[in-house]
Amino acid sequence: ETEFKAMDANDGGVVLFDEFCVWFTKKQDPGRDIVTSADVLAARRKARKAESKTKRKSSTKRRSGPKDATPDFDSTKFDDLERNLLSLAMDAESLEGLWDEIDVNGNDKVSLAEIDKRVVAKYPLLNNKPALMRAYQQTTLKDGDGDAWVEPKEFPQLLVNLFYFNKLFQCFDVIDKDDDRRLNLAEFKASLADLGMSLSYSETETEFNAMDANGGGVVLFDEFCVWFTKKHDPGRDIVTSAEVLKRRREQRKQPGSSPTNPKRGSRASRASPTKSKRGSILSRVTPIKRGSRSSQASPDKRPSEPKRAPMTRTPPGSPAPPRASKTGTAKGGPTGSEREATQTATAT
């Protein structure tokens, strides 16, 4: 594992051929220096910048000189950031430190919001939301494994994409004269010199129509990224907004793509907790304390009613017992009314 980590220079979790060449050569001949992909990229960019400066000095008028259909853009304020990010992508320890700053919860997955919060704070030049979105979608859908998260093995490529798309957005912003984040034909014609291009009027229209992929009459930032990249690297595939929308719809149609935890307010979230709570409450009934409303309504604890005196029945044919008069003295025998009352009570 230690040897593999030493071979994996960019800490991407896999070893590319150039990393293997460096590792193998250092084992055999430590003094020999092997070129890497980062060195090649830096040399190409340096040569391209020198060529662009030469073109601008040799031609001051638009569409003067030989035809040039390749766009170029140079921004000196990105040079220091480019060197910083390239060195960071090759340094495993620095990469791990930046990853730990972004991955706050330590689950080895970072979202677009986490990247926006930390990377933009650390590198203010990357604070362009359209470029940030392009870099995130390019890393996850094209350069990564296709899920919605950036993982440690995809992190070096994310940094490269962040720089690349932010620099393209800087170029796009220079051409977009009215700042509506859309390019029309007039803006494109007026900015050919800014792009280092020399085209005739008809060639300019043809190039603009090729850039306008959906034929809407204006060029959006994602269309500009595809056009610019194909001019310099025809083999690289750039993700577009249409592809992102299509991928999301496909994921929604897949079985089991719904979230495992129901959203708050859904039927599932309202039904299941209620049942469980109701069952737990019934299983944990406690005795009701005396004095509460429930205790007063309990059939076992009803307030006692005044007791009635037991009624004595007189056998048939026997004389009725003497009754007390209103004055409290007993009479010799029952009167007619008393006899009638006794018979009513006996029947009752």
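Rules used throughout
- Residues numbered from 1 in each chain as written.
- Predicted model: local features only at pLDDT ≥ 70, side-chain atom pairs only at ≥ 80, totals over all residues.
- Heavy atoms only, no water.
- Buried < 20%, exposed > 50% of the residue type's maximum accessible area, 1.4 Å probe, protein only.
- Helix = DSSP H or I, 4+ residues; strand = E, 2+ residues; numbered from the N terminus.
- Arc of directions from axis to C-beta.
- Contact = heavy atoms within 4.5 Å.
- Phe/Tyr/Trp six-rings, centres within 6.5 Å; stacked < 30°, edge-to-face > 60°.
- Lys NZ or Arg CZ within 6 Å of the ring centre and 35° of its normal.
- Core = buried A, V, L, I, M, F, W, Y, C linked by side-chain atoms within 4.5 Å.
- Patch = residues over 30% accessible without salt bridge, like charges linked within 9 Å, V, L, I, M, F, W, Y side chains within 5 Å.
- Areas by Shrake-Rupley, 256 points an atom, 1.4 Å probe, with all protein chains shown as cover.
- Salt bridge = Lys/Arg side-chain N within 4 Å of Asp/Glu carboxyl O.
- Lys, Arg positive; Asp, Glu negative; His and termini not counted.
- Charge placed at Lys NZ, Arg CZ, Asp CG, Glu CD.
- pLDDT = per-residue confidence, 0-100.
- Polar contact = N/O pair within 3.5 Å; in protein donor to acceptor, adjacent residues only side chain to side chain.
- Axes fitted to C-alpha atoms, helices over the stretch in contact; angles between N-to-C directions.
- Parallel < 35°, antiparallel > 145°, perpendicular 65-115°, else oblique.
- Left-handed = near helix turned anticlockwise from the far one by under 90°.
- Disulfide = S-S within 2.5 Å.
- Expected span 1.5 Å × (residues − 1).

### A word on helix H10 (residues 201-211)
- Residues of H10 that are buried: Thr204, Glu207, Phe208 and Met211. Relative to the axis of H10, the buried residues are bounded by an arc of 100 degrees and lie together on one face. Summarising the geometry of H10, the exposed residues directed more than 90 degrees from the buried face are Thr206, Asn209 and Ala210.
- Buried residues in H10 make contact with helix H9 (185-190) and helix H11 (221-232).

### Quick look at the packing of aromatic side chains
- Per the stated rule, a full pass over the model turns up 14 aromatic pairs.
- Ring geometry for tryptophan 99 and phenylalanine 155: centres 5.3 Å apart, planes at 70 degrees, overall edge-to-face. With tryptophan 99 in helix H5 (residues 92-102) and phenylalanine 155 in helix H8 (residues 155-175), this pair connects stretches of sequence that are 56 residues apart. Accessibility classification places tryptophan 99 together with phenylalanine 155 in one group, the buried group.
- Members of the aromatic cluster, joined through ring pairs, are Phe169, Phe172, Phe188, Phe208, Phe221, Phe224, Trp227 and Phe228.
- Stacked on the ring of tyrosine 164, the Lys or Arg arginine 236 has its end atom at 5.3 Å from the ring centre.

### Re the nonpolar core
- Of all hydrophobic cores here, the largest spans 46 residues; its most connected members are Ile115, Tyr123, Phe155, Leu162, Phe165, Phe224 and Trp227.
- Elements supplying a minimum of two residues to this core: helix H4 (79-90), H5, helix H6 (112-122), helix H7 (129-143), H8, H10 and H11.
- Ranked by residues supplied to this core, first place goes to H8 with 12 residues.

### Examining a negative patch on the surface
- On the surface, Asp11, Asp91, Glu93, Glu96, Asp100 and Asp108 cluster together into a patch of negative charge.
- Mapping aspartate 108 onto the fold places it in the loop between H5 and H6.
- Here aspartate 108 falls in the partly exposed class, since its relative accessible area comes to 42%.

### Some details on the confidence of the model for the protein chain
- Confidence along the protein chain averages 74 in pLDDT terms, with 66% of residues attaining 70 or more.
- Confidence over residues 58-65 falls short of pLDDT 50; this stretch has 11 contacts with residues more than four positions distant or in other chains.
- Counting interchain partners and residues more than four positions distant, the pLDDT-below-50 stretch residues 325-331 has six contacts.

### Comments concerning the side chain of asparagine 161
- As for its placement among the helices and strands, asparagine 161 is situated in helix H8.
- Reaching out from asparagine 161, the side chain makes a polar contact with the side chain of aspartate 143 at a distance of 3.1 Å.
- Setting aside chain neighbours within four positions, we find asparagine 161 in contact with Ala135, Gln138, Thr139, Asp143 and Arg236.

### So, the packing of H7 against H8
- Taken N-terminus to C-terminus, the directions of H7 and H8 make an angle of 140 degrees; their axes are 8 Å apart at the nearest point. In terms of their interaxial angle, H7 and H8 are classed as oblique. As H7 packs across H8, the resulting crossing turns out to be right-handed. Residues Pro130, Ala131, Leu132, Arg134, Ala135, Tyr136, Gln138, Thr139 and Asp143 of H7 pack against Gln157, Leu158, Asn161, Leu162, Phe165, Asn166 and Phe169 of H8.

### Some details on the pattern of salt bridges
- Tallied over the entire structure, the rule returns nine salt bridges.
- A salt bridge links glutamate 3 to lysine 27; the shortest N-O distance between them is 2.7 Å. Within this pair, whereas glutamate 3 is found in helix H1 (residues 2-7), its partner lysine 27 is found in helix H2 (residues 17-28), the two being separated by 24 residues in sequence.
- Exposure remark for glutamate 3: the relative accessible area of 36% places this residue in the partly exposed category.
- The residue arginine 236 makes a salt bridge to aspartate 143 at a minimum N-O spacing of 3.8 Å. Residue arginine 236 is found in the loop between H11 and helix H12 (241-253), and its partner aspartate 143 is found in helix H7; the two are separated by 93 residues along the sequence.

### Quick notes on a nonpolar patch on the surface
- Taken together, the side chains of Phe17, Phe20 and Phe24 make up a nonpolar region of the molecular surface, amounting to roughly 350 Å² of accessible area.
- Inspection of the secondary structure assignment puts phenylalanine 20 in helix H2.
- Relative accessible area serves as the criterion here: at 37%, phenylalanine 20 is assigned to the partly exposed category.

### A closer look at the state of the cysteines
- This structure, assessed with the given rule, holds zero disulfides.
- Lacking any disulfide linkage, cysteine 171 is separated from the closest cysteine sulfur, that of cysteine 225, by 9.6 Å.

### Quick word on H2
- Given a rise of 1.5 Å per residue, 12 residues ought to cover 16 Å, and the 17 Å separating the end C-alpha atoms of H2 matches this to within 8%.
- For H2, the set of buried residues is Asp18, Glu19 and Thr25. One side of H2 carries all its buried residues, which in axial view fall inside an arc of 135 degrees. Along H2, exposed side chains directed more than 90 degrees from the buried face belong to Phe17, Lys27 and Gln28.

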